[in-house]
Amino acid sequence: MFTVSQTSRAWFIDRARQAREERLVQKERERAAVEIQAHVRSFLCRSRLQREIRREIDEFFKVDDAESSKRSALCIFKIARKLLFLFRIKEDNERFEKLCRCILSSMDAENEPKVWYVSLALSKDLTLLWIKQIKHILWYCCEFLEQLKPEILQDSRLITLYLTMLVTFTDTSTWKILRGKGESLRPAMNHICANIMGHLNQRGFYSVLQILLTRGLARPRPCLSKGTLTATFSLALRPVIAAQFSDNLIRPFLIHIMSVPALVTHLSTVTPERLTVLESHDMLRKFIMFLRNEDRCRDVCESLEGCHTLCLMGNLLHLGSLSPRVLEEETEGFVSLLTQMLCYCQKYVSQKKSNLTHWHPVLGWFSQSVDYGLNESMPLITKQLQFLWGVPLIRIFFCDILSKKLLENQEPAHVQPASPQNVLPVKNLLKRAFQKSASVRNILRPVGGKRVDSAEVQKVCNICVLYQTSLTTLTQIRLQILTGLTYLDDLLPKLWAFICELGPHGGLKLFLECLNNDTEESKQLLAMLMLFCDCSRHLITILDDIEVYEEQISFKLEELVTISSFLNSFVFKMIWDGLVENAKGETLELFQSVHGWLMVLYERDCRRRFAPEDHWLRKDLKPSVLFQELDKDRKRAQLILQYIPHVIPHKNRVLLFRNMVTKEKEKLGLVETSSASPHVTHITIRRSRMLEDGYEQLRQLSQHAMKGVIRVKFVNDLGVDEAGIDQDGVFKEFLEEIIKRVFDPALNLFKTTSGDERLYPSPTSYIHENYLQLFEFVGKMLGKAVYELVCHELIPGGKTIPVTNENKISYIHLMAHFRMHTQIKNQTAALISGFRSIIKPEWTRMFSTPELQRLISGDNAEIDLEDLKKHTVYYGGFHGSHRVIIWLWDILASDFTPDERAMFLKFVTSCSRPPLLGFAYLKPPFSIRCVEVSDDQDTGDTLGSVLRGFFTIRKREPGGRLPTSSTCFNLLKLPNYSKKSVLREKLRYAVSMNTGFELS
């Protein structure tokens, strides 16, 4: 326990400590109060002083204009010092405006040296103070210019004021003090101006001018007046000229001024005198000399980023279009800098949208930040970029190629005769003929002889690299570029002539060698080939048949043959040598370019021939070798089928297609084997409601069941089951009939074009309930027909009607796009979906459009009776020399019309079209059997019946019986008629009745 004395002592010490702390706190409070009072007194004093100074300044500026113009420069200097001492932009903006007006007013005074503000620069005591003061004033002018908006009237007046201040005190030309005797002072005054300009540049003068120009020009309607634009651009040029065009000043001028959107366009419109100044100082050449250096160009591009790099490029191109002489002399440097700028932008061009990309109206998806404030200027920037592919620049760049004359001869080139539908009226042809030259040039073929390392070849390669880079960078205006490059009819043929001259032998070998060389020279040569392919593809795509086949614009038909042969070999070699399997980057772009041009030519040739027979085949590629590689899953063989299946004969491709179908059937268990039978789907179809019953019973089937065996039982109009067992024949008949009905325009699922009667989905097909499911069903039926190798003609005779120039364009392109795409895209998508549920897309890629139509509809040609006769098998005593058989072939050839022959073929095989590759591929083979009795009594061939048939011994006269058929086995059952006339009559009646198995 504590004693009393110890407790009292602790209490005393604690009280003393507390008292000491309280005294310290009190002292701190007193000190803080004094300090606060000092600050307050200081603030109040300063505020009072500032109010007094501002009151003095306001009193100074209250004097009317008449008296203000007489104020001495010293008074202005003193009042300016007071204003700058306390200057705050928001509070003193009006006072600053009045100060600037007062200073400018003093400079306008006549014969009043003491009034001129600039006179203080001559005072020994005030020179340095005056220079410091004017620097501050001019920089405050710049700060105001950064904030003002030129579209606002009041702001535009202030902009004019502050620009006038900058113009006045950065150049001595308007200083009245230097007139007469004062001229000797000009060098010293110029030095002062240079000092002032240097100070402004260090503080960001060019950034201020860039902001002002961009605000005033990067908009739909520029809001800078002629005077404002002239003053701003003059101010921008002054430092560059004063520094005698040093690199240190050209760089910021390019970055901040020449990158202002469409600046040159606005200068040429509003104040063309400024462009004359640029030209007088040869500024374009100086820009080219600066930017052709790779490091400097990269530095400028990185400072600007992609969006503003395009603006700089547009202004340089516009300047170039105004100075063709400079471009002719500096082509190499100009091409180099443009290529470098495009390559810089290209690094950030993306193929697709992502979280890191932004949309740009010229570059597409772009992985740098996009200045959306430039969007309103993009039409003008795009117009400037168009100078690159405009005729004047193309003539300058490709002058070496365009200056060469293509050899001519007087013999007209061979033109493949057009079919009657493709012939224009005589008047039009005569008019076109008179427009053409009387002489025709020689056909361009690879000849070789030009060294690829020559200066001429390098120059052309560099130009091609420029345009190819522009195509891959300016993705959203690619078509504009291609159209511009193909405007001159003679550029592409002369470029092809140039390509033909390259290397020792010209043509294919050189470019194949380039594929295996990773040198810069090889890349440039391949870029030339890519540019040629891209432009030529675009040209041939937009030319109509008259221009390609009759007028032969740009290319002669024989040249298209030569070019297509070159492309075919090049693409084949790229695939076969394994260059495409893992291709990416430049190699992939090259392949896409060459392959795209090749396929345009091939599709054109498929539609209307210009190449000789078997031109597209590769003689060195045996189909058997390709099929072996396919069996081994070799990638190159698969790529051949994917990209250039036309190098394989059509017959072999059809056989390959059949083989693929067969393999799939085996894989899915749809083929009869010794150990298992495939699942069979049975359907019953009323002939009077064939479409409705077929749709209801088949639409719900799975993909596997649709590909499998489907057996059909027909019910006639009386509700009675028709005779006959379906072993594929009845189903084939069902397929042909249902396809014929769904494509009947009267049903309004499809319509036909006028004239050529081509089918397309009806825009009003929505009147049918579940119309999209109906289209999908149609697609499935077509796919099933192709899957089962059953040919159908969708429109009677429609397969033989070609497209003509007179009916090719019925509406303008936009209306056609709406009618043939937008309006029916859902129906088309449903149809394709149904078709692809049966037929794999990669199978149909093996065939061109006309070939796929043949696969569906069969060959154009009429039934080849000789081919049918050659592959017919006889039973029941019939043979090729039997008189009934001789009569039969003679009746078919001489007495039956083509339509009746088609009905005869359908009567026997259930299909009116012959097999695609001929009757050798009809399974089972076409057969004719001699029968003595009706079908229900027929028990097959016996030795007696065969002998009687062979020796024409009739058990009884069959004159009352009709021929019958077993379509499942492609078998014609023919009685042993005694007269040819009876055979003709009975056969014609039987094939025309179309009653299935009902009649005998």
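All values derive from a computational prediction rather than experimental measurement. (Residues numbered from 1 in each chain as written. Predicted model: local features only at pLDDT ≥ 70, side-chain atom pairs only at ≥ 80, totals over all residues. Heavy atoms only, no water.)

**Describing the overall build of the protein chain**
In terms of helices and strands, the protein chain carries 44 helices and 13 strands. Here the protein chain holds 1000 residues, and the buried ones make up 49% of them. A separation threshold of at least 6 residues defines the contact pool for the protein chain, and within that pool the share at least 24 residues apart is 75%. Accessible surface, the protein chain as shown: approximately 49,500 Å² in total, 53% of it carbon and sulfur. (Helix = DSSP H or I, 4+ residues; strand = E, 2+ residues; numbered from the N terminus. Buried < 20%, exposed > 50% of the residue type's maximum accessible area, 1.4 Å probe, protein only. Contact = heavy atoms within 4.5 Å. Areas by Shrake-Rupley, 256 points an atom, 1.4 Å probe, with all protein chains shown as cover.)

**Some points on the sheet that holds strand β10 (residues 873-875)**
In space, the 4 strands of this open sheet follow the order β10-β11-β13-β12, with mixed pairing throughout. Strands at the two margins of the open sheet, each flanked by one partner only, are β10 and β12 (964-966). Going from strand to strand, the sheet's axes swing by 25° on average, the running direction of each strand aside. Direction of pairing for strand β11 (residues 927-931) relative to strand β13 (residues 971-975): parallel, over a ladder of 5 bridges. (Pairing = 2+ DSSP bridges. Axes fitted to C-alpha atoms, helices over the stretch in contact; angles between N-to-C directions.)

**Topic: the nonpolar core**
If you look at the biggest cluster of nonpolar residues, it comprises 261 residues, and the most contacted ones within it are W130 and F397. Formed jointly, this core draws a minimum of three residues from each of two domains, domain 1 (455-648) and domain 2 (680-796 + 815-857). When neighbours within four sequence positions are excluded, W130 is seen to be in contact with F77, Y117, V118, L120, A121, F169 and I192. One finds I885, F907, F919 and A990 within the second-largest nonpolar core, a separate group that totals 29 residues. (Core = buried A, V, L, I, M, F, W, Y, C linked by side-chain atoms within 4.5 Å. Domains from an automatic or database assignment.)

**Some remarks on the UniProt feature "active site" (unreviewed entry) in the protein chain**
UniProt's entry tags C968 with the feature "active site" (unreviewed entry), counted in the numbering of this structure. Here C968 falls in the buried class, since its relative accessible area comes to 8%. (UniProt positions renumbered as here; feature names shortened; annotations may be inferred.)

**With respect to unusual backbone geometry**
A cis geometry characterises the amide bond from K923 onward to P924, with omega recorded as -10°. Secondary-structure assignment places P924 in the loop between α42 (898-909) and β11. With phi around 55°, D282 is a residue other than glycine that occupies positive phi space. Looking at the secondary structure, you find D282 in the loop between α12 (272-280) and α13 (283-291). Given the relative accessible area of 21%, D282 is considered partly exposed.

**Some thoughts on the pairing of strand β6 (residues 680-686)**
Taking every second residue as pointing to the same face, the buried face of β6 carries T681, I683 and I685, while none of V680, H682, T684 and R686 on the other face is buried. Pairing geometry for β6 and strand β7 (residues 709-715), over 7 bridges, is parallel. Paired with I683 across the two strands is V712, which belongs to β7.

**Examining the environment of E521**
By the secondary structure assignment, E521 is in helix α25 (residues 520-542). We classify E521 as partly exposed; its relative accessible area is 31%. For the pair E521 and Q458, spaced 63 residues apart in the sequence, the C-alpha separation amounts to 8.2 Å. Not counting residues up to four positions away in its chain, the partners in contact with E521 are V452, D453 and Q458.

**Overview of the side chain of S762**
Relative to the helices and strands, S762 resides in the loop between β9 (759-761) and α35 (771-787). Contacts of S762, omitting those with residues within four sequence positions, involve N748, L749, F750, K751, F775, I824 and Q827.

**Remarks on the pairing of β11**
Where burial is concerned, most of β11 is hidden: 5 out of the 5 residues are buried. Residue alternation in β11 divides its side chains into two sets, S927, R929 and V931 and I928 and C930, and both sets are buried.

**Re the sheet that holds strand β1 (residues 349-350)**
Taken in spatial order, the 3 strands of this open sheet run β1-β3-β2, and their pairing is antiparallel. Strands with a single pairing partner mark the edges of an open sheet, and in this sheet they are β1 and β2 (358-360). Relative to strand β3 (residues 364-366), β1 is paired through 2 bridges, and the arrangement is antiparallel. Across the sheet, S350 pairs through a bridge with W365, a residue of β3.

**Digging into the pattern of salt bridges**
Applying the stated rule across the entire model yields 54 salt bridges. Its salt-bridge partner being E28, residue R31 comes within 2.7 Å of it at the nearest N-O pair. Of this pair, R31 and E28 are both found in helix α1 (residues 4-62), 3 residues apart, which corresponds to roughly one turn of the helix. For R31, a relative accessible area of 44% translates into the label partly exposed. Among the salt bridges present, the one from K226 reaches E273, with a minimum N-O distance of 3.6 Å. Here E273 lies in helix α12 and K226 lies in helix α9 (residues 226-242), a separation of 47 residues in the sequence. Several salt bridges share partner residues, and in doing so they unite R54, D58, R88, E91, D92 and R95 into one network. (Salt bridge = Lys/Arg side-chain N within 4 Å of Asp/Glu carboxyl O.)

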